Amino acid sequence: MSLENTQAQMRKGILEYCILSILDKGEAYPSEILETLKDAKLIVVEGTLYPLLTRLKNMELLSYRWEESPSGPPRKYYSLTNMGKTFLNELNATWSELTTAVNQITNKK
Amino acid sequence: MKKTISVNIKGMNFLIEEDAFELLQNYINKLTAVLQNEKGGKEIIEDVELRIAELCGLQLNERKQVIEKEDIETILSTLGDPDLYIDESEQETSSQTNNSNASNSSNQATDKRLFRDVENATIAGICAGIANYLHIDVVIIRIIFVLFFLFGGFGFPLYIILWIVIPKANSTIDRLRMRGKAITVDTVREEVESAAERINKESKNFANRMRNDGSYNERFSRIGRIITSVIGSGIIAFGLFLLVMFLIFGVGGFQFIPVQSDYGFLSFSELGELVMETQSDYQWAWIGGVVMASSIILFILLVGTKMVFRIRNTWSKLSLGFLFFSGLFGFIVCLFIGLKTGKEMAIEGEIEQEIGTVNTEQLFIETNSPKISTASTYEVKSKGRWGMMSIENDRIVESGIHIEYRLSKDSLYHVYQNLSAHCQSHRKAVDKAQNIKHNAGITGSVLTLDSHYSFPKSDKLRDQDVYIIVEFPAGKSVKWNNKVIYPGSEMNNNGNYEIDDNGYINSKGEYEHWD
């Protein structure tokens, strides 16, 4: 397993959590989500986002609505469902546990 | 300079360079393949297309109106390899084997596949299918097939094999795969729309196509149709051949029977005249023959035409029935005349007269062959021998004289002439035999024989024949030219000479000895 691969794996693991967090701040359409993720260097290629969005939507954590765009194709605005919000809260808790754990392990010497 | 095409991506119109479009198409195809068995795959593709439309829109401005290949390359590298679209967390839930199966089948599914394009078919859509597969104009494939068929002829079996092997493009999805097009909502709609157009165009044939709905039935009924057409064409060709033959030999009076006469060859009807007893017999035979032959020929032509053009109406059935009965009528007339003429040949009559008696050591045979007035020297094979017939001044001249050897009861040569003919009664047969003129004579020890004999034309051809019987003393011989012949020179157990020899004088006046 190459370094690149490991990095990709690590990113992918938290990608879901990050998407939910972005949407927690308000609804967004994929391009906006992508922009945020790219700025944070969490995503290199965009393709990985779409399957995740679809899956989260199918899990009923997300819902979307269509909106006409003034300059392009219609946009799919995603937002968190109530279930999504609960799910995110759980993840928040897990994440703080994880960061604590990771810090604890990596700083220990 | 590059060709651009207009595409509609999710409601947005773009002018795009052709190679850029192909690149995009390939990407979507691959993505479709990858996501085929993925839950929500279609939705993902839709999302991606939306994104592509958006990114394309971002590439354009006032001065740049066309999407170029480089733009698409940038967009696609941003989107990433289609393989990345597989949601791995999803994968883990399904079993490993399922996954490999799924990816295999999905790859196959969007690989371009060979289908029979029945919508654009001439026969079974094989050429059209191959043309789709290879991206070549169908006319080229068809020409190649026709050439294969004409030279070497394996085009036909090849076509049949391909017909059986290649599946028919039944559904819209098949049609897209046949062209190597991506299976997306857009392309499917496009395909369905063009199919609807085609159906409108061919609304007349639509009912037909519905009737042959199952691919199995369709395949076999089409094979059947082709075979029927081929057989039908063969039958028509045969009928035309018979028609030409009939016109030449029957009605046209083409003189093909080689006979030496003042007017050269004889035609079929002229020969008939020489055989038939009365003029009315001949006329009836002619009518019967013409009715029978034309009925048979028309029957054959009609059957062939029915097969080729698949005519099924009462008119054609009635015609076939009529032709059958008229043919039967002609046959019965011919049969009747044939039997009547056959009766004329039934009974043999013969007369025998002595030519002379010679007391000599060796009998010489000399032959006279006729100086025939016409220049032709055609020979007719009859009864396994070369004979000849000619017609001169109302007399029929035939050639070929048989010689029979018998043992003389005394020490002298005895020569007899036997003339024979056939007729319906013995008396009439003898009359006809008496009409035969054959010159034979003995001077000294030389037997002079004509190689030909004649009889009146009014006697008709009644198997007239001439036999010369030579009775010779035991141990003596016969000489022709420089050849000495000892007929029956062998003695049998009883001390008698066995005579089993015959001679024949052919039309050229040559002697042939058979022992």
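Because the structure is predicted, anything quoted here is derived from the model rather than measured. (Residues numbered from 1 in each chain as written. Chains lettered and ligands numbered in written order. Predicted model: local features only at pLDDT ≥ 70, side-chain atom pairs only at ≥ 80, totals over all residues. Heavy atoms only, no water.)

Let's talk about the sheet that holds strand β3 (residues 66-67) of chain B
Residue and element names in this part refer to chain B.
Item 1. Here three strands make up an open sheet; going across it, the order is β1-β2-β3 and the pairing mixed. What marks the edges here is a single partner per strand, and that holds for β1 (4-9) and β3.
Item 2. Relative to strand β2 (residues 12-17), β1 is paired through six bridges, and the arrangement is antiparallel. In the strand pairing of β2, Thr4 is matched with Glu17.
Item 3. Seen against the sheet, helix α1 (residues 18-35) touches β1, β2 and β3 and runs at an angle of roughly 115° to β2.
Item 4. Helix α2 (residues 41-59) rests against β1, β2 and β3 of the sheet, and its axis sits at about 70° to β2. (Pairing = 2+ DSSP bridges. Helix = DSSP H or I, 4+ residues; strand = E, 2+ residues; numbered from the N terminus. Contact = heavy atoms within 4.5 Å. Axes fitted to C-alpha atoms, helices over the stretch in contact; angles between N-to-C directions.)

Digging into the sheet that holds strand β16 (residues 446-450) of chain B
All names here are of chain B.
Item 1. Here five strands make up an open sheet; going across it, the order is β15-β16-β8-β19-β20 and the pairing mixed. A strand with exactly one partner marks an edge of an open sheet, and here the two such strands are β15 (440-443) and β20 (483-485). Ignoring which end each strand starts from, the neighbouring axes of this sheet average 25° apart.

Looking at the packing of aromatic side chains
Residues and elements named next belong to chain A.
Item 1. Scanning the model with the defined rule gives seven aromatic pairs over all chains in all.
Item 2. Pairing Tyr29 with Tyr77 gives two aromatic rings, centres 5.2 Å apart and planes at 65°, and the pair type is edge-to-face. Of the two residues, Tyr29 sits in the loop between α1 (3-24) and α2 (30-39) while Tyr77 sits in strand β2 (residues 75-80), which places them 48 residues apart along the sequence.
Item 3. Of the residues examined, Tyr29 reaches a relative accessible area of 10% and is grouped as buried.
Item 4. Between Tyr64 and Tyr78 the ring centres are 5.6 Å apart and the planes differ by 55°, which places this aromatic pair in the tilted class. With Tyr64 in strand β1 (residues 62-67) and Tyr78 in strand β2, this residue pair connects regions lying 14 residues apart in the sequence. (Phe/Tyr/Trp six-rings, centres within 6.5 Å; stacked < 30°, edge-to-face > 60°. Buried < 20%, exposed > 50% of the residue type's maximum accessible area, 1.4 Å probe, protein only.)

Brief notes about the environment of Asp431 of chain B
Item 1. Inspection of the secondary structure assignment puts Asp431 of chain B in helix α16 (residues 426-434).
Item 2. Linking Asp431 of chain B and Ala421 of chain B, residues 10 residues apart in sequence, is a C-alpha distance of 8.5 Å.

Describing the pattern of salt bridges
Between side chains of opposite charge, a pair can form as their charged atoms come close.
Item 1. Scanning the model with the defined rule gives 17 salt bridges over all chains in all.
Item 2. In this structure, Arg65 of chain A engages Glu27 of chain A in a salt bridge whose closest nitrogen and oxygen atoms are separated by 2.3 Å. Taken as a pair, Arg65 of chain A in strand β1 and Glu27 of chain A in the loop between α1 and α2 lie far apart in primary sequence, 38 residues in all.
Item 3. Salt bridges here are not isolated pairs; linked through shared partners, they connect Lys38 and Glu46 of chain A together with Arg51 and Glu54 of chain B. (Salt bridge = Lys/Arg side-chain N within 4 Å of Asp/Glu carboxyl O.)

As for the nonpolar core
A general feature of soluble globular proteins is that nonpolar side chains tend to end up buried together.
Item 1. Residues Ile19, Ile33 and Leu37 of chain A together with Val48, Ile52, Leu79 and Tyr85 of chain B are the most contacted members of the largest nonpolar core, which totals 49 residues.
Item 2. What Ile33 of chain A contacts, discounting residues up to four positions off in sequence, is Ile19, Ile22, Leu23, Ala28, Leu49 and Leu53 of chain A.
Item 3. Judged by nonpolar contacts, the second largest core, of 32 residues, contains Met389, Tyr413, Leu419 and Val430 of chain B. (Core = buried A, V, L, I, M, F, W, Y, C linked by side-chain atoms within 4.5 Å.)

A word on the interface of chain B and chain A
Item 1. Listed per partner, the contact involves 24 residues of chain B and 28 residues of chain A.
Item 2. In total, chain B and chain A occlude about 2,000 Å² of area from one another, counting both sides; carbon and sulfur atoms represent 52% of this.
Item 3. Looking only at chain B, the three residues that lose the most surface to chain A are Glu43, Asp47 and Arg51 of chain B, adding up to 25% of its buried area.
Item 4. Applying the counting rule to chain B against chain A returns four salt bridges.
Item 5. Here Lys57 of chain A makes a salt bridge to Glu43 of chain B, at a shortest N to O gap of 2.4 Å.
Item 6. There are nine residue pairs in polar contact (both at pLDDT 80 or more) connecting chain B and chain A. (Buried area = accessible area lost by both parts, 1.4 Å probe. Polar contact = N/O pair within 3.5 Å; in protein donor to acceptor, adjacent residues only side chain to side chain.)

Some thoughts on the environment of Met307 of chain B
Residue and element names in this part refer to chain B.
Item 1. Relative to the helices and strands, Met307 resides in helix α14 (residues 279-309).
Item 2. Sequence spacing of Met307 and Thr228 is 79 residues, and the spatial spacing of their C-alpha atoms is 5.9 Å.
Item 3. In contact with Met307, not counting residues within four places along its chain, are Thr228, Ser229, Ile231, Gly232 and Ile235.

Examining α2 of chain A
Item 1. All of the buried residues along α2 of chain A are Pro30, Ser31, Ile33, Leu34 and Leu37 of chain A. Buried positions in α2 of chain A, seen along its axis, are confined to an arc of 155° and lie on one side of it. Pointing more than 90 degrees away from the buried face of α2 of chain A are the exposed residues Glu35 and Asp39 of chain A.
Item 2. Considering only its buried residues, α2 of chain A is in contact with α1, α3 (49-58) and β2 of chain A together with α2 of chain B.
Item 3. Of the residues trailing α2 of chain A, Lys41 of chain A is marked for its positive phi of about 55°. (Arc of directions from axis to C-beta.)

Keep in mind that these numbers describe shape and distance, not what the molecule does.
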